[in-house]
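Understanding the architecture of this molecule
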Amino acid sequence: KQEVTQIPAALSVPEGENLVLNCSFTDSAIYNLQWFRQDPGKGLTSLLLIQSSQREQTSGRLNASLDKSSGRSTLYIAASQPGDSATYLCAVKTSGTYKYIFGTGTRLKVLA
Amino acid sequence: GAGVSQTPSNKVTEKGKYVELRCDPISGHTALYWYRQSLGQGPEFLIYFQGTGAADDSGLPNDRFFAVRPEGSVSTLKIQRTERGDSAVYLCASSLDSHTGELFFGEGSRLTVL
């Protein structure tokens, strides 16, 4: 059974710092992995999708990497801004299934 | 529509009542998912539709929960005899198909059972 873990659960950093959010999964036979952002009281916004054949994806100040063999993905945020404050969730689709399994998220606060 | 639309955004009901939550996916998306999210938790899978059929309903917690997608577009999640433990945010997501996989979520329907 696929399990997804995100560490740390919460993170507070000063504006301008580069930071890394971690996502671990127990079954390395994945189809793809997706990172989302969730603002309080809102739905999830897709940030990056990494297919199993890819090692990383980039969008603006965001870079997500995938290492299937170690069951890990990282989301790197460069030059963090207060507007980046949100909960970041990763979700994994295991090969042979349709559903995404989510972690519990990392609550990020970027201080001005 | 431009994005996934969910109605109502908020629903307050009494224990024992029947509730319907509606999801209108992105036009042309054949895959549709329902998730449930409790405070401080990640979304929990409920059911997946490919077209009109429920390809995976393994996440429905019990037989009080049912979902339909009769024409392969709009979906309705139905909850009978609601209980206080059903209170949560119900999220709907769609994707172009089950293979390309990128999920797009609606804003959710917050259900409160008194």
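Attention here is on the structure that accompanies the text. Since the structure is predicted, the reported quantities are computational estimates derived from the model, not experimental observations.

Right, let's get into the sheet that holds strand 8 (residues 72-77) of chain A. All names here are of chain A. Strands sit in the order 1-3-8-7-6 across an open sheet of five strands; the sheet is antiparallel. Two strands bound the open sheet, and with one partner strand each, they are strand 1 (4-7) and strand 6 (56-59). Averaged over all neighbouring strand pairs, the angle between strand axes comes to 15°, with direction disregarded. Here four bridges tie strand 6 to strand 7 (residues 62-67), and the two strands are oriented antiparallel to one another. Considered in strand 7, the bridge of E56 is made with S65.

Residue placement: A64 of chain A occurs in strand 7. Those residues in contact with A64 of chain A that sit more than four places away from it in its chain are W35, L48, I50, R55, E56, Q57, T74 and L75 of chain A.

Let's shift gears to the sheet that holds strand 7 (residues 65-68) of chain B. Residue and element names in this part refer to chain B. On the basis of which strands lie adjacent, the open sheet formed by four strands has the order 1-3-8-7 and antiparallel pairing. The open sheet has two free edges, formed respectively by strand 1 (5-7) and strand 7, since each of these has just one partner strand. Neighbouring strand axes in the sheet, compared pairwise and without regard to direction, differ in orientation by 15° on average. Where strand 1 lies against strand 3 (residues 19-24), three bridges are found, and the strand directions are antiparallel. In the strand pairing of strand 3, T7 is matched with R22.

Residue and element names in this part refer to chain B. Tallied over the full model, the rule gives nine aromatic pairs over all chains. Measuring from ring centre to ring centre gives 5.8 Å for Y35 and F45, while their planes differ by 75°; the resulting arrangement is edge-to-face. Of this pair, Y35 sits in strand 4 (residues 31-37) while F45 sits in strand 5 (residues 44-50), and the two are ten residues apart along the sequence. Of the residues examined, Y35 reaches a relative accessible area of 0% and is grouped as buried.

Once that is clear, we can look at the state of the cysteines. All names here are of chain A. With the rule as written, the count across this model stands at two disulfides over all chains. In this model C23 forms its disulfide with C90; the gap between the sulfur atoms is 1.9 Å. The chirality of the disulfide connecting C23 with C90 is right-handed, given an S-S dihedral of about 70°. Highlighted residues: C23 in strand 3 (residues 19-25) and C90 in strand 9 (residues 86-94), separated in sequence by 67 residues. Take C23: its relative accessible area is 1%, and that puts it in the buried class.

Another aspect to go through is the interface of chain A and chain B. Each partner contributes to the interface: chain A provides 20 residues, whereas chain B provides 23 residues. Summed over both partners, the interface of chain A with chain B comes to about 1,700 Å²; 53% of that surface belongs to carbon and sulfur atoms. Between chain A and chain B we count six residue pairs in polar contact (both at pLDDT 80 or more) in total. Sorting elements by how many residues they give to the side of chain A that touches chain B places strand 4 (residues 30-38) of chain A first, with five residues.

Quick notes on the rules
- Residues numbered from 1 in each chain as written.
- Chains lettered and ligands numbered in written order.
- Predicted model: local features only at pLDDT ≥ 70, side-chain atom pairs only at ≥ 80, totals over all residues.
- Heavy atoms only, no water.
- Pairing = 2+ DSSP bridges.
- Helix = DSSP H or I, 4+ residues; strand = E, 2+ residues; numbered from the N terminus.
- Axes fitted to C-alpha atoms, helices over the stretch in contact; angles between N-to-C directions.
- Contact = heavy atoms within 4.5 Å.
- Phe/Tyr/Trp six-rings, centres within 6.5 Å; stacked < 30°, edge-to-face > 60°.
- Buried < 20%, exposed > 50% of the residue type's maximum accessible area, 1.4 Å probe, protein only.
- Disulfide = S-S within 2.5 Å.
- Buried area = accessible area lost by both parts, 1.4 Å probe.
- Polar contact = N/O pair within 3.5 Å; in protein donor to acceptor, adjacent residues only side chain to side chain.

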